[in-house]
Amino acid sequence: MTFAATILTLYPEMFPGPLGISLAGRALEEGTWSCEPVQIRDFAADKHRTVDDTPAGGGAGMVLKVDVLARAVDHALELHPDCPVLAMTPRGKPVTQARIRELAAGPGVTILCGRFEGFDERIFAGRPVEEVSVGDIVLSGGEPAALMLLDACIRLLPGVMGAPSSGTEESFEEGLLEYPHYTRPVEWEGRTIPEVLRSGDHAKIEAWRKRHAEDDTRLRRPDLWERHRGVRD
Ligand code: SAH
């Protein structure tokens, strides 16, 4: 089954962009996923094809018009009624690997990309749109956020990644960061690969990796560590 990615954007030429290359690119060619950018401007009602207007209450920048957004969302819902609609916004719920897994297991996703100051808030009450953030940073548009979200979904689609285990041992999959990796040369600028990883003792290697995944998570991401402990206890 093809995972249908529909992207509502003012810059359709940004897609598939980097997702046309490497693993995602091959998967696109093979029909594992489809990429359908839709120009939001096509849903403007006036002859100037206006998509934005000044913010109510004043202030800098422009706001995407709710009527135009609603027509674009309705179009996507007609095309793919079963695909969730995600709006990219720093005000949204931070995306997690668990949510990515859910999305990748479904029929596809419709992504609404903002520009300027963002969306007229009423779109979220008026249409079934989930507000999603890709982190506590501010991008100039939703497109790079959409590419990031799609990349995370596509690599999980059946057949896209070589070894299936490389998907489940990853950072976040067990609620922890992944353990660190090394490869040859054994010595580089006086630094060596930890002895245990060269020992061939699989039980010891596994124990070392588990300890590092736990220690690194505790030190680097106390937020993840607390949640992990909460789930375990
Ligand atoms: N004025 C807004 C930011 C607008 S940035 C605010 O302060 O909340 C312009 C667009 O970039 C947004 O509409 C959104 O689609 C996208 N964007 C910026 N940062 C993002 C983030 N962290 N996650 C998801 N989308 C983001």
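Residues numbered from 1 in each chain as written. Predicted model: local features only at pLDDT ≥ 70, side-chain atom pairs only at ≥ 80, totals over all residues. Heavy atoms only, no water.

Draft legend 1. Quick peek at the packing of helix H3 (residues 97-104) against helix H5 (residues 142-154). Their axes nearest at 9 Å, the elements H3 and H5 cross at an angle of 70 degrees. Classified by the interaxial angle, the pair formed by H3 and H5 is roughly perpendicular. Handedness of the crossing formed by H3 with H5: right-handed. Within the contact between the two elements, H3 uses Ile100, Leu103 and Ala104 and H5 uses Leu149, Ala152 and Cys153. Partitioned by chemical class, the residues of the contact of H3 with H5 number six nonpolar, no polar and no charged. (Axes fitted to C-alpha atoms, helices over the stretch in contact; angles between N-to-C directions. Helix = DSSP H or I, 4+ residues; strand = E, 2+ residues; numbered from the N terminus. Parallel < 35°, antiparallel > 145°, perpendicular 65-115°, else oblique. Left-handed = near helix turned anticlockwise from the far one by under 90°. Contact = heavy atoms within 4.5 Å. Nonpolar A, V, L, I, M, F, W, Y, C, P; charged D, E, K, R; others polar.)

Draft legend 2. Fine view of the pattern of salt bridges. One pass over the structure, following the stated rule, counts 16 salt bridges. With a closest N to O distance of 2.7 Å, Arg99 and Glu102 form a salt bridge. Separated by three residues within a single helix, Arg99 and Glu102 lie in helix H3, roughly one turn from each other. Residue Arg99 is classed as partly exposed on the basis of its relative accessible area, which comes to 21%. Arg99 is the salt-bridge partner of Glu130, the closest N and O atoms lying 2.8 Å from each other. (Salt bridge = Lys/Arg side-chain N within 4 Å of Asp/Glu carboxyl O. Buried < 20%, exposed > 50% of the residue type's maximum accessible area, 1.4 Å probe, protein only.)

Draft legend 3. Inspection of the environment of Gly114 at higher detail. In this structure, Gly114 sits in the loop between strand S6 (108-112) and helix H4 (122-126). Judged by relative accessible area, Gly114 falls into the buried class, the value being 8%. Distance in space between the C-alpha atoms of Gly114 and His80 is 20 Å, their sequence separation being 34 residues. Discounting chain neighbours no more than four positions away, the residues touching Gly114 are Leu64, Met88, Phe119, Gly141, Gly142 and Glu143.

Draft legend 4. Here's a closer look at the side chain of Glu178. Positionally, Glu178 belongs in the loop between helix H6 (165-168) and strand S8 (187-188). Here Glu178 occupies a buried position and makes no salt bridge, while the nearest side chain of opposite charge, Arg209, is found at 7.8 Å. Here the side chain of Glu178 touches His181 through a polar contact of 2.8 Å, side chain to side chain. Beyond its immediate stretch of four places on either side in the chain, Glu178 contacts Glu169, Glu170 and Ser171. (Lys, Arg positive; Asp, Glu negative; His and termini not counted. Polar contact = N/O pair within 3.5 Å; in protein donor to acceptor, adjacent residues only side chain to side chain.)

Draft legend 5. Fine view of the site of the ligand. Inspection of the region around the ligand gives 19 residues, with Met88, Gly114, Gly135, Ile137 and Leu139 positioned closest. At 3.0 Å from a nitrogen atom of the ligand is found a side-chain nitrogen or oxygen belonging to Glu117. The contact in question runs from a nitrogen atom of the ligand to an N or O atom on the backbone of Ile137, over 2.8 Å. Burial of the ligand by the protein chains amounts to 86% of its free accessible area of 560 Å². If you list the elements that add at least two residues to the shell around the ligand, you get strand S5 (85-94), strand S7 (129-133) and H5. Tallied by class, residues from the shell around the ligand come to nine nonpolar, eight polar and two charged. (Near = heavy atom within 4 Å. Areas by Shrake-Rupley, 256 points an atom, 1.4 Å probe, with all protein chains shown as cover.)

Draft legend 6. Geometry of the domain arrangement of the protein chain. Segmentation of the protein chain into domains returns domain 1 (3-154) and domain 2 (171-232). Computed from C-alpha atoms alone, the centre-to-centre distance between domain 1 and domain 2 is 36 Å. (Domains from an automatic or database assignment.)

Draft legend 7. Representation of the packing of aromatic side chains in the model. For the coordinates displayed, the defined rule picks out one aromatic pair. Geometrically, the ring pair formed by Phe119 and Phe124 is edge-to-face, given 5.8 Å between the ring centres and 85 degrees between the ring planes. The exposure class of Phe119 is buried, given its relative accessible area of 12%. (Phe/Tyr/Trp six-rings, centres within 6.5 Å; stacked < 30°, edge-to-face > 60°.)

Draft legend 8. Focus on unusual backbone geometry. Here the bond from Phe15 into Pro16 is cis, since omega is 0 degrees, no more than 30 degrees from zero. Locating Pro16 in the fold gives a position in the loop between strand S1 (3-9) and helix H1 (22-29). Of note in the backbone geometry, Ser22 takes a positive phi value of approximately 60 degrees without being a glycine. Of note, Phe116 is a non-glycine position whose phi angle comes to about 55 degrees, a positive value. Within the fold, Phe116 resides in the loop between S6 and H4. With a relative accessible area of 41%, Phe116 lands in the partly exposed category.

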